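Single-letter residue listing:
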Amino acid sequence: MKFSSVSNIGKIREINEDSYDNISIADYDFFIVADGMGGHSDGELASSLACKSFIEFIKTEKLDDYVNILDYQESAIYAANDEVYDLATNKNEKMGTTVVCCCIDYKNNEYHLSHIGDSRIYLYRQGNLTQLTKDHSLVNELIERGALRAEEAENFANKSAVTRAVGVSPIAMADHNNLEIQEGDVMLLATDGLTNELTDEEISKIISENEDVYDLSQKLVEAALEAGGKDNITVTTIRM
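About the cut-offs
- Residues numbered from 1 in each chain as written.
- Predicted model: local features only at pLDDT ≥ 70, side-chain atom pairs only at ≥ 80, totals over all residues.
- Heavy atoms only, no water.
- Salt bridge = Lys/Arg side-chain N within 4 Å of Asp/Glu carboxyl O.
- Helix = DSSP H or I, 4+ residues; strand = E, 2+ residues; numbered from the N terminus.
- Pairing = 2+ DSSP bridges.
- Axes fitted to C-alpha atoms, helices over the stretch in contact; angles between N-to-C directions.
- Contact = heavy atoms within 4.5 Å.
- Buried < 20%, exposed > 50% of the residue type's maximum accessible area, 1.4 Å probe, protein only.
- Polar contact = N/O pair within 3.5 Å; in protein donor to acceptor, adjacent residues only side chain to side chain.
- Phe/Tyr/Trp six-rings, centres within 6.5 Å; stacked < 30°, edge-to-face > 60°.

Draft legend 1. Structural context of the pattern of salt bridges. Scanning the entire structure with this criterion turns up nine salt bridges. Residue R13 is joined to D231 by a salt bridge in which the shortest nitrogen-to-oxygen separation is 3.4 Å. Taken together, the residues R13 in the loop between β1 (2–8) and β2 (18–25) and D231 in the loop between α6 (213–226) and β10 (233–239) connect sequence positions 218 residues apart. Here E211 ties to R239 by a salt bridge, and the two come within 3.8 Å at their closest N and O atoms. Of this pair, E211 sits in the loop between α5 (200–209) and α6 while R239 sits in strand β10, placing them 28 residues apart in sequence. Here the salt bridges do not stand alone but share partners, grouping R13, E17 and D231 into one network.

This is the structure:
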């Protein structure tokens with residue numbers, strides 16, 4: 001396994017509200033990417049605190065005390081939610097962040113994925129790119145209910161509104177997914193600064209043209225900047 005993370009403030013924002021981190025323990029590698037919510041106070045603090053709390057949980061809690069590795073990972077997310085929510089309460093402000101997490105489980109040859117918000121995880125396998133997370137966003141919920149057509153989503157007024165986030169309430173709820181690892185897989189954990197600028201076809205093309213993980217992360221960020229760079233852009237690339 002090789003990986004790289006690249007983050008860029010973009011062309012418009014004055015602060016980079018994205019954060020990322022990773023940690024290895026025993027037979028597991030954990031990765032997290034977070035995007036502080038725009039329009040909320042201290043978005044950059046929310047994302048950095050969520051990542052820090054997640055990593056600290058993994059460092060200090062005993063895996064044997066949890067039902068399985070997914071329970072362990074999501075408990076780390078909920079611990080991060082407590083930290084961000086408590087800070088927001090103490091500051092009497094609203095704070096929130098999206099979170100996407102991937103655990104590489106070498107023991108069972110599986111990925112364990114968890115997410116809250118509209119940051120995404122993609123799998124590139126055998127030339128095909130698949131989004132493995134479902135956006136927790138207002139626009140996505142409207143599309144699923146049939147109240148908005150997919151082709152109308154690009155110009156939807158509240159496109160950036162998320163329906164779930166870490167730190168906005170005492171209780172958070174993550175969605176999760178498990179799948180088998182295959183040699184040659186490329187996993188992407190990315191904030192919407194990438195996915196709002198590049199289509200799946202453009203992302204897939206860049207992956208197909210870059211073997212080195214750092215080059216791949218860098219090229220994806222550069223392409224998002226060239227396409228507009230209207231938001232912070234963060235990508236963690238993992239190649240198996």
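That was the structure; now back to the text.
Draft legend 2. Here's a closer look at the sheet that holds strand β3 (residues 28–36). On the basis of which strands lie adjacent, the open sheet formed by five strands has the order β2-β3-β4-β5-β8 and antiparallel pairing. Strand pairing shows two members of the sheet lacking a second neighbour, β2 and β8 (175–180), which therefore form its edges. Going across the sheet, the axis of each strand differs from the next one's by a mean of 10°, ignoring polarity. Here strand β4 (residues 97–105) runs beside strand β5 (residues 110–116); their pairing, made up of seven bridges, is antiparallel. Along β5, the bridge assignment pairs V100 with H115. On the sheet, helix α1 (residues 43–60) packs against β2, β3 and β4 and is oriented at approximately 5° with respect to β2. Contacts from helix α2 (residues 69–91) reach β2, β3, β4, β5 and β8 within the one sheet, and its direction differs from that of β5 by about 30°.

Draft legend 3. View of the environment of D231. Judged by its relative accessible area of 13%, D231 is buried. As a C-alpha pair, D231 and I15 span 216 residues in sequence and 9.8 Å in three-dimensional space. With residues up to four places along the chain from it excluded, the contact list for D231 reads I9, G10, R13, D192 and G193. Among the polar contacts listed, one links the side chain of D231 to the side chain of R13, at a separation of 3.4 Å.

Draft legend 4. Local environment of the packing of aromatic side chains. In the structure shown here, the tally under the stated rule is seven aromatic pairs. Taking the centre distance of 5.0 Å and the plane angle of 75° together, the rings of F3 and F31 count as edge-to-face. With F3 in strand β1 and F31 in strand β3, the pair connects residues that are 28 residues apart, well separated along the chain. The exposure class assigned to F3 is partly exposed, which follows from its relative accessible area of 34%. For F31, a relative accessible area of 2% gives the class buried. Through a chain of ring-to-ring contacts, the aromatic side chains of Y28, F30, F54, F57, Y66 and Y72 assemble into a single cluster.

Draft legend 5. Spotlight on unusual backbone geometry. Here the phi dihedral of N92 falls at roughly 55°; this positive angle occurs in a residue that is not glycine. Mapped onto the elements, N92 comes out in the loop between α2 and β4. Note on N92: relative accessible area 72%, which makes it exposed. Of note in the backbone geometry, N109 takes a positive phi value of approximately 55° without being a glycine. Its location among the elements puts N109 in the loop between β4 and β5.

Draft legend 6. Looking closely at the sheet that holds strand β9 (residues 186–190). Spatially, five strands are ordered β1-β10-β9-β6-β7 in an open sheet, and the strand pairing comes out antiparallel. Every other strand in the sheet has two partners, leaving β1 and β7 (128–131) as the edge strands with one partner each. In this sheet, adjacent strand axes meet at a mean angle of 15° when their direction is disregarded. Pairing of strand β6 (residues 120–125) with β9, which is carried by five bridges, proceeds in the antiparallel orientation. Residue R120 lies in a different strand from β9, and its bridge partner there is A190.

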